[in-house]
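What follows is the residue order along each chain.
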Amino acid sequence: MNPFEAEHGSSIIDYYMTIERHKYAVIFFLAISILLVVIHNSKLVPIYSTTATMIIDRENKTPLPGQERIYESYVSETLSFKTHFEMITSLPV
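Procedures and definitions
- Residues numbered from 1 in each chain as written.
- Predicted model: local features only at pLDDT ≥ 70, side-chain atom pairs only at ≥ 80, totals over all residues.
- Heavy atoms only, no water.
- Helix = DSSP H or I, 4+ residues; strand = E, 2+ residues; numbered from the N terminus.
- Buried < 20%, exposed > 50% of the residue type's maximum accessible area, 1.4 Å probe, protein only.
- Salt bridge = Lys/Arg side-chain N within 4 Å of Asp/Glu carboxyl O.
- Patch = residues over 30% accessible without salt bridge, like charges linked within 9 Å, V, L, I, M, F, W, Y side chains within 5 Å.
- Areas by Shrake-Rupley, 256 points an atom, 1.4 Å probe, with all protein chains shown as cover.
- Polar contact = N/O pair within 3.5 Å; in protein donor to acceptor, adjacent residues only side chain to side chain.
- pLDDT = per-residue confidence, 0-100.

### Examining the overall build of the protein
Here is step 1: In terms of helices and strands, the protein carries 4 helices and 0 strands.
Here is step 2: Ordered by position in the sequence, the α and β elements of the protein form the string α-α-α-α.
Here is step 3: Counting over 93 residues, the protein shows a buried share of 3%.

Put into C-alpha cells, the structure is as follows:
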C-alpha cells in the first residue's frame, strides 16, 4: 500500500471500479442531459437577427483619369447583369 492509500484509503483503481459498477446510471444520466439540452435549444427563440444591404456599383476603369466612359460593350453589360443576377438570387449566408 502506498502512502496515498494509507492516508486517504482509496486509489484510482477504486474510483474506476465505482464508475464501472455504475456505468449504466452514468450513461443514462448523460443521455437524459443531452436530450433535455437538445429539446431546450430547439425551442429557444433567436435573440439576434441581422440584415445586410449589398451595393453593386461598377468601377470606373478609364484609360485617363477624369474621363468617363460613355458606352459599355454588349459583352461587359451582359456579364455585369449576370453577375448581379447571381448575387441577388444566391442562397443566404
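### Observations concerning the pattern of salt bridges
Two side chains that carry opposite charge are able to pair once their charged atoms sit near each other.
Here is step 1: Summed over the entire model, instances satisfying the criterion amount to 1 salt bridge.
Here is step 2: For the salt bridge of Glu-20 with Lys-23, the shortest nitrogen-to-oxygen distance reads 3.3 Å.
Here is step 3: Judged by relative accessible area, which is 31%, Lys-23 ranks as partly exposed.

### Focus on a nonpolar patch on the surface
Here is step 1: Residues Phe-28, Ile-32, Leu-35, Leu-36 and Ile-39 make up a contiguous nonpolar surface patch of roughly 480 Å² in combined accessible area.
Here is step 2: Note on placement: Ile-32 falls in helix H3 (residues 23-43).

### Things to note about the environment of Lys-23
Here is step 1: Inspection of the secondary structure assignment puts Lys-23 in helix H3.
Here is step 2: A polar side-chain atom of Lys-23 sits 3.3 Å from a polar atom in the side chain of Glu-20.

### Quick look at the confidence of the model for the protein
Here is step 1: Predicted confidence across the protein gives a mean pLDDT of 78, with 69% of residues reaching 70 or more.
Here is step 2: Taken element by element, the predicted model of the protein shows its lowest mean pLDDT in helix H1 (residues 3-8) (58) and its highest in H3 (96).

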